[in-house]
Amino acid sequence: MEESSEAYDDHDMNPPISWEDHQRHSMEERVECLRRKIKYYFMNPCEKYHARGRKPWKLMLQIVKIAIITVQLVSFGLSNQMVVTFKEENLMTFKHIFLKDYVDGGMDTYAVYKQAYVYDHIEYIIAQYGLLRNNTVGNHEYEKNGSSYTPLLLCQEFYRNGSIYPGTETFEIDAHVETECLEVYPVVPLSLRDTLQNFELHFKRLLSLKITFVVKAINLQTVRYRELPDCYDFTVIITFRNQAHSGRMKIDLETDVDINECKDWKVIGASERKVYLTVMFDCLVLITCLTSFALCTRSVIKGILLMFEYIHHCKTRSGEDVPWSDRLEFVNGWYILIIVSDTLTIVGSILKMEIQSKVLTSYDVCSIFLGTGTMFVWIGVIRYMGYFKKYNILILTLRAAFPNVIRFICCAGIIYISYCFCGWIVIGPYHEKFRTLNTVSECLFSLINGDDMFPTFKDMKQKSSLVWIFSRVYLYTFVSLFIYMILSLFITIITDTYDTVKQQQESGVPISDLQKFLSVCKDLPNSGVYRLEKSNSCFFTCCIDRCNNPQQRLTSEA
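Residues numbered from 1 in each chain as written. Predicted model: local features only at pLDDT ≥ 70, side-chain atom pairs only at ≥ 80, totals over all residues. Heavy atoms only, no water.

J.: In this structure, what is going on with the pairing of strand 9 (residues 206–218)? I would like to understand it.
T.: On a regular strand, one side chain projects to one face of the sheet and the next to the other, so that they alternate. The pairing of strand 2 (residues 141–142) with strand 9 spans two bridges and is classified as antiparallel. When the sheet's bridge partners are listed, tyrosine 142 is paired in strand 9 with valine 215. The pairing of strand 5 (residues 152–159) with strand 9 spans six bridges and is classified as antiparallel. Bridge assignment links glutamine 156 to a residue of strand 9, and that residue is leucine 209. Relative to strand 10 (residues 231–241), strand 9 runs antiparallel, the two sharing 11 bridges. Pairing of lysine 210 across the sheet is with threonine 239, part of strand 10. (Pairing = 2+ DSSP bridges. Helix = DSSP H or I, 4+ residues; strand = E, 2+ residues; numbered from the N terminus.)

J.: Could you clarify how one ought to interpret helix 3 (residues 45–52) in this entry?
T.: Because an α-helix completes one turn every 3.6 residues, residues spaced three or four positions apart along the sequence face the same direction. Listed in full, the buried residues belonging to helix 3 are Pro45, Lys48 and Ala51. The arc enclosing the buried residues of helix 3, seen along the axis, measures out at 120°, which places them on a common side. Once helix 3 finishes, glycine 53 follows within two positions and takes phi at roughly 75°, a positive value. (Buried < 20%, exposed > 50% of the residue type's maximum accessible area, 1.4 Å probe, protein only. Arc of directions from axis to C-beta.)

J.: Would you mind going over the pattern of salt bridges with me for this structure?
T.: Note on pairing: side chains with opposite charge can pair once their charged atoms come close. Throughout the structure, instances matching the rule amount to 11 salt bridges. The salt bridge partner of lysine 433 is aspartate 452, with a shortest N-O separation of 2.2 Å. Here aspartate 452 lies in the loop between helix 14 (437–448) and helix 15 (453–458) and lysine 433 lies in the loop between helix 13 (389–427) and helix 14, a separation of 19 residues in the sequence. Beyond isolated ion pairs, a larger network of salt bridges with shared partners links Arg160, Asp174 and Glu178. (Salt bridge = Lys/Arg side-chain N within 4 Å of Asp/Glu carboxyl O.)

The structure is reproduced here in structure tokens:
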């Protein structure tokens, strides 16, 4: 009896926990567990290391990736620079060889004004083409199609029929355009007047005259850098433009370049080891970017899953929907930026490997992918600088001001476009900088930044007094509106946002529901509570507690 009475006294001292209290306690544990999970997700790498002892692999990987990607970009940039230099120097060579009396920088004014001059220039071009192998100091050669050379094409475009009499102000014209071509082979001494008797230029109806031929060359400068040379096909196009029929026939020389792998080559005194080392280094970059892509993608997926868990919690507890501003907090834009940069770098590295092995020659496409990927990688460094409070305020200001800036730019852009169209249609015929919409936009953008103001006013031709007065009103109103008003308002938006963000940081008061939810959790990263979640999730922990507590209660009641 004494033992039973003692047991009865112990039962009174430890009353059983009701199911409602247990449910409330279990729910609080799950909420606290969710807080810790979300708070852990938003920790920086150092805090995560103190919280769970997890090493910052992504941070170390990004540092290594920045270094090797930069080295890769510099290496490819030097190689691409040799390609671009070779193209530009060949273009300059062709201008000096095939254009009569050409002077550097004189393409804008290079033209002929008499019929005899047109024939002289055509004769000169054909003669220089026939003497190319003897005149050039480079390794230029004619293109061969089998055993015969590819001919030079002399083509003229003209109206089908036409009778034009400016003296009586009458004309009759057939607007259909016909093309007449003549092939000239570089194998015999050539003279236009002796060999082209059946080829007559119809100057009254002539629209354009094109001389087209192909010159082949090999870029040997890459041999010094242990790279195999590329073979180039330069399609030279010399155009005599006569669309305006103004008495001035402008002459242009352009080249279309095709880069091909040389069919038969042999290099003595140089090894290909550097080529293999470069390909191996590109493979290292490829593996690093793939690893970074996988880790960042996993982090983005974790953030999205955590967002859904938080949304479910809010709907279950309060029945309120989570605003989009809080939802987007779980989508880490820096990870997305790194994923994009990794994708661009992977594609660029594959193209670079193909270029190194002479399978592809898309230097420009490869440079765009590698350059943009490297730019995004370096921009991603700002993410880690944001962990410092003084640097973080810049990032927070840019993010907070972005919506207002976009709306402001849309409104200012409408005014800017209206000035572009007005300047193009009114001032374009009298000012070189307003001839096209592209040059108008560039000129106005320079004026906004205070550049090239006086030459823009000065270069306006005074052929029309009305247009000259209009141009003054146009330029003065544009400069006053955009520099003194629109730019000032733009700076005010950024300044106001900076002050707001700075006050929020100094006060430390949570402004969003998500921040208020996380502010309840006061656990520090080195408190050790975050390590409890390393092996089991909160859901299973709570379920185990729920199963254990009723068993203990039943045992105590028994």
